[in-house]
Amino acid sequence: MAKKSMLNREQQRQKLAARFEAKRVLLRAVLSDQGAEFDAKMKASAELSKLPRDSSVCRQVRRCSITGRPKGVYRKFALGRNKLRQLAMSGEIPGLRKASW
């Protein structure tokens, strides 16, 4: 099981990302706009860098929903590789079987 502080940190990152999402989208639109002036782009870049780091979506870590393990997590199931195998072998995940040929 992951430490509570790590799980709380991930929740905080999700809240920050949701809070600053609209502002980030607007600033990125200015940066990617071909017709925008150089000064406007520089101002948008400065504003973007002033936002909290954890408000970026790419700072979030995908974790296992049962154990909180940060590595080896399958997106489709939101489970770590160990728990996915354990649940698949016990038949608790419908339609998932261990391959054998």
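Preceding this paragraph is the structure being described.
The structure displayed is predicted, hence computed values, not measured ones. (Residues numbered from 1 in each chain as written. Predicted model: local features only at pLDDT ≥ 70, side-chain atom pairs only at ≥ 80, totals over all residues. Heavy atoms only, no water.)

Chemist: Hey, could you run me through the overall build of the protein chain in this one?
Modeler: In terms of regular secondary structure, the protein chain is built from three helices and two strands. Start at the N end of the protein chain and walk to the C end: the helices and strands fall as α-α-β-β-α. Taken over the C-alpha atoms alone, the protein chain extends approximately 60 × 35 × 15 Å along its principal axes. Expressed as a percentage of the 101 residues in the protein chain, the buried residues total 23%. Surface accessibility of the protein chain: about 8200 Å² in total, with carbon and sulfur atoms responsible for 52%. Across the protein chain, 25 positive and 8 negative side-chain charges occur, with their mean positions spaced 15 Å apart. (Helix = DSSP H or I, 4+ residues; strand = E, 2+ residues; numbered from the N terminus. Buried < 20%, exposed > 50% of the residue type's maximum accessible area, 1.4 Å probe, protein only. Areas by Shrake-Rupley, 256 points an atom, 1.4 Å probe, with all protein chains shown as cover. Lys, Arg positive; Asp, Glu negative; His and termini not counted. Charge placed at Lys NZ, Arg CZ, Asp CG, Glu CD.)

Chemist: Hey, could you run me through the side chain of Arg-13 in this one?
Modeler: Relative to the helices and strands, Arg-13 is located in helix H1 (residues 4-32). Of note is the side chain of Arg-13, whose polar atom sits 2.9 Å from the side chain of Glu-10. Filtering out sequence-adjacent residues up to four positions away, Arg-13 remains in contact with Asp-54, Arg-59, Gln-60 and Val-61. (Polar contact = N/O pair within 3.5 Å; in protein donor to acceptor, adjacent residues only side chain to side chain. Contact = heavy atoms within 4.5 Å.)

Chemist: Hey, could you run me through the pattern of salt bridges in this one?
Modeler: Side-chain pairing between opposite charges can occur once the charged atoms of the two side chains come close. Per the counting criterion, the structure on display carries three salt bridges. Put simply, Arg-13 and Glu-10 hold a salt bridge, and the shortest N to O gap is 2.9 Å. Of the two residues, Arg-13 and Glu-10 both sit in helix H1, three residues apart, roughly one turn of that helix. Arg-13 gets classed as buried once you look at its relative accessible area, which sits at 13%. Given the relative accessible area of 7%, Glu-10 is considered buried. Between Asp-54 and Arg-59 there is a salt bridge, with the nearest N and O atoms lying 3.0 Å from each other. (Salt bridge = Lys/Arg side-chain N within 4 Å of Asp/Glu carboxyl O.)

Chemist: Whenever I open this one, unusual backbone geometry confuses me. Can you help?
Modeler: Negative phi characterises most residues that are not glycine, and trans characterises most peptide bonds. The phi torsion at Ala-78 lies on the positive side, around 55°, for a residue other than glycine. Structurally, Ala-78 is set in the loop between strand S1 (73-74) and strand S2 (79-80).

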